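Summary of structural features
Letter by letter, the chains look like this.
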Amino acid sequence: MQRSCDEKLLHYNQNNPKSMMNLVLFKSAIKHVLRIIRIVSTPLGHALLIGMGGSGRNSLATLSCYIVKFAIVQIDPKNWVEELQVLMLWIIWETYDPL
């Protein structure tokens, strides 16, 4: 599992040079990545990640979503209504099936 996560992290860094993540994936971090993957992969899965600033919540969530090929969207608290409307329209457009 360690090697697989390290390879995915390396692949992420090669494909996203502007947002490279210099992470050390120790056993506990890998467990968190696997939990996040399991949660977001379930239908209607969602989670609230709580922790101290700089603890890696955002990085582990980003890596987890990259592994399962999910898009990450961050909503600005100042314009959340407008951004949520755009996001909902995007979701409808991406999942629309006329048949």
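Overview of the structure. (Residues numbered from 1 in each chain as written. Predicted model: local features only at pLDDT ≥ 70, side-chain atom pairs only at ≥ 80, totals over all residues. Heavy atoms only, no water.)

1. Digging into the overall build of the chain
Each helix and strand counted, the chain has four helices and zero strands in total. Its helices and strands taken in sequence order, the chain reads α-α-α-α from the N to the C terminus. Dimensions of the chain, computed from C-alpha atoms along their principal axes, come out at roughly 45 × 35 × 25 Å. Looking at the chain as a whole, 18% of its 99 residues qualify as buried. Excluding contacts between residues fewer than 6 apart, the proportion of contacts in the chain whose partners are at least 24 apart in sequence is 55%. When the accessible surface of the chain is totalled, it reaches about 8,200 Å², and 62% of it is carbon and sulfur. One way to put it: in the chain the 10 positive side-chain charges average out to a point 15 Å from where the 7 negative ones average out. (Helix = DSSP H or I, 4+ residues; strand = E, 2+ residues; numbered from the N terminus. Buried < 20%, exposed > 50% of the residue type's maximum accessible area, 1.4 Å probe, protein only. Contact = heavy atoms within 4.5 Å. Areas by Shrake-Rupley, 256 points an atom, 1.4 Å probe, with all protein chains shown as cover. Lys, Arg positive; Asp, Glu negative; His and termini not counted. Charge placed at Lys NZ, Arg CZ, Asp CG, Glu CD.)

2. What about the packing of aromatic side chains?
Per the stated rule, a full pass over the model turns up one aromatic pair. Taken together, a centroid distance of 5.1 Å and an interplanar angle of 80 degrees make the contact between tyrosine 12 and tyrosine 66 edge-to-face. Residue tyrosine 12 is located in helix α1 (residues 2-15), and its partner tyrosine 66 is located in helix α3 (residues 57-67); the two are separated by 54 residues in the primary sequence. Residue tyrosine 12 is classed as buried on the basis of its relative accessible area of 8%. (Phe/Tyr/Trp six-rings, centres within 6.5 Å; stacked < 30°, edge-to-face > 60°.)

3. A short note on the environment of glycine 45
If you trace the backbone, glycine 45 turns up in the loop between α2 (27-41) and α3. For glycine 45, a relative accessible area of 28% puts it in the partly exposed group. Sequence-wise, glycine 45 and leucine 10 are 35 residues apart; in three dimensions their C-alpha atoms are separated by 26 Å. Setting aside its immediate chain neighbours within four residues, glycine 45 contacts Ile39 and Val40.

4. Quick look at the nonpolar core
Listed in full, the twelve residues of the largest apolar core are Cys5, Leu9, Tyr12, Met21, Leu25, Ala29, Ile30, Val33, Ile36, Ile37, Leu60 and Leu63. Contributions of two or more residues to this core are made by α1, α2 and α3. Ranked by the residues each element gives to this core, the list is headed by α2, at five residues. When near neighbours in sequence (up to four residues on either side) are disregarded, isoleucine 36 contacts Leu49, Leu60, Ala61 and Ser64. (Core = buried A, V, L, I, M, F, W, Y, C linked by side-chain atoms within 4.5 Å.)

5. What to know about α1
Taking 1.5 Å as the rise per residue, α1 with 14 residues should run 20 Å; its terminal C-alpha atoms sit 20 Å apart, in good agreement. Each element contacted by the buried residues of α1 is listed here: α2 and α3. (Expected span 1.5 Å × (residues − 1).)

6. Here's the deal with the packing of α2 against α3
Running from amino to carboxyl end, α2 crosses α3 at an angle of 55 degrees, the nearest separation of the two axes being 9 Å. As the angle between them shows, α2 and α3 are arranged oblique. For α2 against α3, the interelement crossing comes out right-handed. Where α2 approaches α3, its residues Ala29, His32, Val33, Ile36 and Ile37 are matched on the opposing element by Leu60, Ala61, Leu63, Ser64 and Ile67. (Axes fitted to C-alpha atoms, helices over the stretch in contact; angles between N-to-C directions. Parallel < 35°, antiparallel > 145°, perpendicular 65-115°, else oblique. Left-handed = near helix turned anticlockwise from the far one by under 90°.)

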